[in-house]
Amino acid sequence: MAIILKAENLEKTYRVGKVDVPALRGIDLTVQEGEFLAVMGPSGCGKSTMLHLMGGLLTPTNGRIIIDGEDLTAASDSRRTDIRRRKIGFVFQRFNLFPTLTAEGNLRLAERIHGNGSEDPDRRREILRMLRLEDKMHHKPLELSGGEQQRVALARAVVNRPAIVLADEPTGNLDTENSALVLKMFRELNDRFNQTIIMITHNPEAAAACQRIIQMRDGHIV
Amino acid sequence: MDNLVISNIRQRPLRSAISVLGVALGVTLVMLFTGLSRGMSDDLQRRSSNVRAEIIFTRQGSFTGTTTANLSTKYVDLLKNVEGVESVVPVIRHFYASGVWGVDQVEGVDWDSFAQMSNVRLVQGRGPKAFNEIVIDETKASRNHPVGSSVKLYGDRDFKVVGIYAPESGARAKLTLEAMQTFLEAPGKCSYILIKCKNPADQIAVAKRINDQLPGNKVQLTADFFPSIENSIPGLAIFMRVLVVLAAVVSALVVMLAMHTTITERTREIGILKAMGASRRYIISEIEREALAISFMGLLVGFALAALAGFGIHKATGLIFEFGGWWALTAAIIGLAGGALGALYPAARAANLDPVTALAYE
């Protein structure tokens, strides 16, 4: 299998006032294409910082990230945005759907941002069918349950065939039943589309659904 | 709903409506002021152009913007004897305090001579004969002044409408020259004398002859005597341009404030857009499209408000409001450009937001 993500000696230090606060202290990580990886660890250990670095939302203080053959850390801000648009899909704990748009509107927005107006209705339909959202397309987020909202967010993340889905505690705001359903969807995406997924979670049951689990502590992978 | 711009506008209807009204205010101001100015100017031009005389003879230094009856009517016979002159009509133009706008005007003429020279005709009634009789044009008559009704001039003095004429020419009300001379205590005087040439093409030569034979007076061509208001009032053009700039500033400020608030409220959504890979250009264009949509609605509302206000002003005061194509285009450009420029700073601010900070925004 090909390497889809490689992080080398990744460091990130935040400047808070006059104090340097290290969040990541040298992370090395390799993720294979089609891998479903869980990242666990206590709050403040650097999980989210690592995810934001991998998604190009932050730049590292030191180190390198290569995604699908492209060096994210050497890229300019606009180039990072371009890589993010083409290769990354985000899923957040708080769903982060656009409240004024319907579920379909949220998906189409992602398609427009990705493809300069070119949309793939077949792919959209396939994703919606798989995530069992076909009858929810004309609902706005506030008209959907938490589980349904997260499934829409998941559909939005994968509709453009990203190389990697980065999920930041996607079941953190869901009850047990919806958590299980969303995790099942993640697994199906991974199985059917060989979708690479890196998922931060505090939930051992969620982590158990993954093929590999890495533990973080104090900015290190342990 | 899958359009972020429209859904955002619909999400906050009150704020959107206020933004639209802000732009509309600027557009209305431009359209109303320029429409009224143009309406009054064109009205004066139209009425002046119906004075068929080619030459106007006045005393040197007299000013036609106020009542001046300082020209002796003895010039009437002298002018008739100048080669190339067909007919002459002495006129007193009198300005008096009246109505909402403070000033109105009435002319004293020999009706038959004036009607023949200016090619106006009575559509109802007859010409004025007695001192308390007037004829009015159709515009004035349409404001509830039929033949037989009375009109107050010079404050409380009642005049009886004995005729209605068309087309409009000069002041909207006319009484006899003798009556006007009596009221102004200016017997044998007039404000100016209208001169009709036998051959209009010779008007310059005739004017020169009059000047040579009757020196010390002012001989003007009618075309120069009745310039447009826009050209004759010093600074009006500058005033209009200042008004346009102010309207643009108002539109830009309103849109900027609205979009600034919008951006602050939607910080988190901008973070999501960034996480989805939206470029700065995309984010700016989304915000600009929203501002342009608001501005476009403001334009439509502004045009409608201006038309309504113009109609209301015309009904209430008789002032004429004219939609000018050029000024409508100008108002459209400043409305849209003001909105686009006003949104530029909030849009740039949004595009430069740090995505992680924006995503964490509560």
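Residues numbered from 1 in each chain as written. Chains lettered and ligands numbered in written order. Predicted model: local features only at pLDDT ≥ 70, side-chain atom pairs only at ≥ 80, totals over all residues.

(A) Representation of the overall build of chain B in the model. Helix and strand counts for chain B come out as 14 helices and 12 strands. Dimensions of chain B, computed from the C-alpha atoms along their principal axes, are close to 95 × 45 × 30 Å. Looking at chain B as a whole, 40% of its 362 residues qualify as buried. Across chain B, contacts joining residues at least 24 apart in sequence account for 83% of those joining residues at least 6 apart. (Helix = DSSP H or I, 4+ residues; strand = E, 2+ residues; numbered from the N terminus. Buried ≥ 20, exposed ≤ 12 C-beta atoms within 10 Å, placed from the backbone. Contact = placed C-beta atoms within 7 Å.)

(B) Structural context of the sheet that holds strand E3 (residues 36-40) of chain A. All names here are of chain A. The mixed open sheet is built from 6 strands, whose spatial order is E6-E7-E8-E3-E9-E10. Either end of the sheet is taken by a strand with one partner, and the two such strands are strand E6 (88-91) and strand E10 (220-221). Across 2 bridges, strand E9 (residues 212-217) lies against E10 in antiparallel orientation. Bridging from a neighbouring strand, Met 216 pairs with Ile 221 of E10. (Pairing = 2+ DSSP bridges.)

(C) Highlighting the domain arrangement of chain B. We note that the domain assignment places domain 1 (4-44 + 233-359) and domain 2 (52-225) within chain B. With centres defined by C-alpha atoms, the gap from domain 1 of chain B to domain 2 of chain B works out at 47 Å. (Domains from an automatic or database assignment.)

(D) Here's a closer look at the interface of chain B and chain A. Contacts between chain B and chain A engage 16 residues on the former and 21 residues on the latter. Its residues assigned to classes, the side of chain B that touches chain A shows 9 nonpolar, 5 polar and 2 charged. (Nonpolar A, V, L, I, M, F, W, Y, C, P; charged D, E, K, R; others polar.)

(E) Examining the sheet that holds strand E2 (residues 19-32) of chain A more closely. Residues and elements named next belong to chain A. Overall, antiparallel pairing links the 4 strands, which are arranged E2-E1-E4-E5 in an open sheet. Each of the sheet's edge strands pairs with one partner strand only, and the pair in question is E2 and strand E5 (70-71). With 11 bridges connecting them, strand E1 (residues 3-16) and E2 associate as antiparallel partners. Across the sheet, the residue bridging to Thr 13 is Pro 22, located in E2. Here helix H1 (residues 47-54) sits on the sheet and contacts E1, E2 and strand E4 (62-67); the angle it forms with E1, its principal contact strand, is near 120 degrees. (Axes fitted to C-alpha atoms, helices over the stretch in contact; angles between N-to-C directions.)

(F) Seen up close, the environment of Asn352(B). Residue and element names in this part refer to chain B. In this fold, Asn 352 is placed in the loop between helix H13 (325-351) and helix H14 (355-359). Here Asn 352 falls in the exposed class, since 12 other C-beta atoms lie within 10 Å of it. Along the sequence, Asn 352 and Leu 257 sit 95 residues apart, while their C-alpha atoms lie 18 Å from each other.

(G) Structural view of unusual backbone geometry. Looking along the chain, the bond that leaves Ala166(B) and enters Pro167(B) is cis, with omega of -5 degrees. Phi at Phe95(A) takes a positive value of approximately 70 degrees, unusual for a residue other than glycine. As for its placement among the helices and strands, Phe95(A) is situated in the loop between E6 and helix H3 (103-115). The residue Asn194(A) is not glycine, and still its phi comes out positive at about 55 degrees. Tracing the chain through its elements places Asn194(A) in the loop between helix H6 (176-193) and strand E8 (196-200). Overall, the presence of 11 C-beta atoms within 10 Å leaves Asn194(A) in the exposed class.

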